[in-house]
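Structure at a glance
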Amino acid sequence: RVVEVAVRENEAVHKGDVLFRIDAEPLQIAVARMQAQVESVQSLLDAARSGYSGAQADVRSSAADLDYKKQQFQRLKELRSRGLVAQQALDDAANNLAAARAKQDSNNAALSKAQNLLGGLPDTPDEDLAGYKLALAQLAQTKLDLEHATVRAPMDGVIGKTTLQPGDFLAVGQAAMPLVANTLWVDANFKETDLTHVAVGQNATIEV
């Protein structure tokens, strides 16, 4: 929807002059949405880094616990072979060892997931991660679309016949108004037989 027409028919304009503007509100909303998306991705990556650090700590803790449970099981197994402890104590130690192994596997999986969220390299800057780069590219596109809501003259010239008014709707690709360049040229429709001695760069005399 056209909200402003800054020129009139037969008006001379210079390159960069505003010709007209379309409704920028939907585009401004799109820019705000994508800015929020970029911030959201950044927050997710920050959370992933924190999660990675926490997962590393959990893996170290569960690894230490697993080593302890292995030693405890081996010690009780030896004592059981000598009849110094009940079978129940050895069974409990075996269950504890199995639980410790499961915990270690779970923590390793969590660490791997956190690492994958960061492109496999936890120290990689946000700007080098695919998800963040995609969000930045989409933000740049919405900003470019917003910039195009103000249509400027691409060259010096004169506005031709136009009926564009505020409130009009323009379809994608629709011509809004003619802009005739200041450059002068001559249409010369020679017959093929007249071109025998014509060459590029020759001077010509014309009469109007």
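Definitions and limits used
- Residues numbered from 1 in each chain as written.
- Predicted model: local features only at pLDDT ≥ 70, side-chain atom pairs only at ≥ 80, totals over all residues.
- Heavy atoms only, no water.
- 1 Å grid on protein atoms, 1.4 Å probe; cavity = no way out; pocket = protein on both sides within 12 Å on 5 of 7 lines; lining within 4 Å.
- Points joined across faces, edges and corners; volume = space filled by probe spheres on them.
- Helix = DSSP H or I, 4+ residues; strand = E, 2+ residues; numbered from the N terminus.
- Nonpolar A, V, L, I, M, F, W, Y, C, P; charged D, E, K, R; others polar.
- Expected span 1.5 Å × (residues − 1).
- Buried < 20%, exposed > 50% of the residue type's maximum accessible area, 1.4 Å probe, protein only.
- Arc of directions from axis to C-beta.
- Contact = heavy atoms within 4.5 Å.

**Regarding the layout of surface pockets**
Each pocket or cavity is described by its volume, and for the largest pocket that value is around 320 Å³. For the lining of the largest pocket, the leading source of residues is strand S3 (residues 18-22), giving three residues. Here the residues of the lining of the largest pocket sort into nine nonpolar, three polar and one charged. Taken as a whole, the second largest pocket encloses approximately 180 Å³ of empty space. What lines the second largest pocket is Val186, Asp187, Ala188, Phe190, Val198, Gln202, Asn203, Ala204, Thr205 and Ile206. Each residue belonging to the lining of the second largest pocket can be placed in one class, and the counts come to six nonpolar, three polar and one charged.

**Regarding helix H3 (residues 130-147)**
For H3, built from 18 residues, the straight-helix expectation of 26 Å at 1.5 Å per residue is met to within 8% by its first-to-last C-alpha distance of 26 Å. Listing the buried residues of H3 in full gives Tyr132, Ala135, Leu139 and Thr142. Looking down the long axis of H3, one finds its buried residues gathered within 85° of arc, a one-sided arrangement. Residues Ala130, Leu134 and Glu147 are exposed on H3 and point more than 90 degrees away from its buried face. Here the buried face of H3 lies against helix H1 (25-81).

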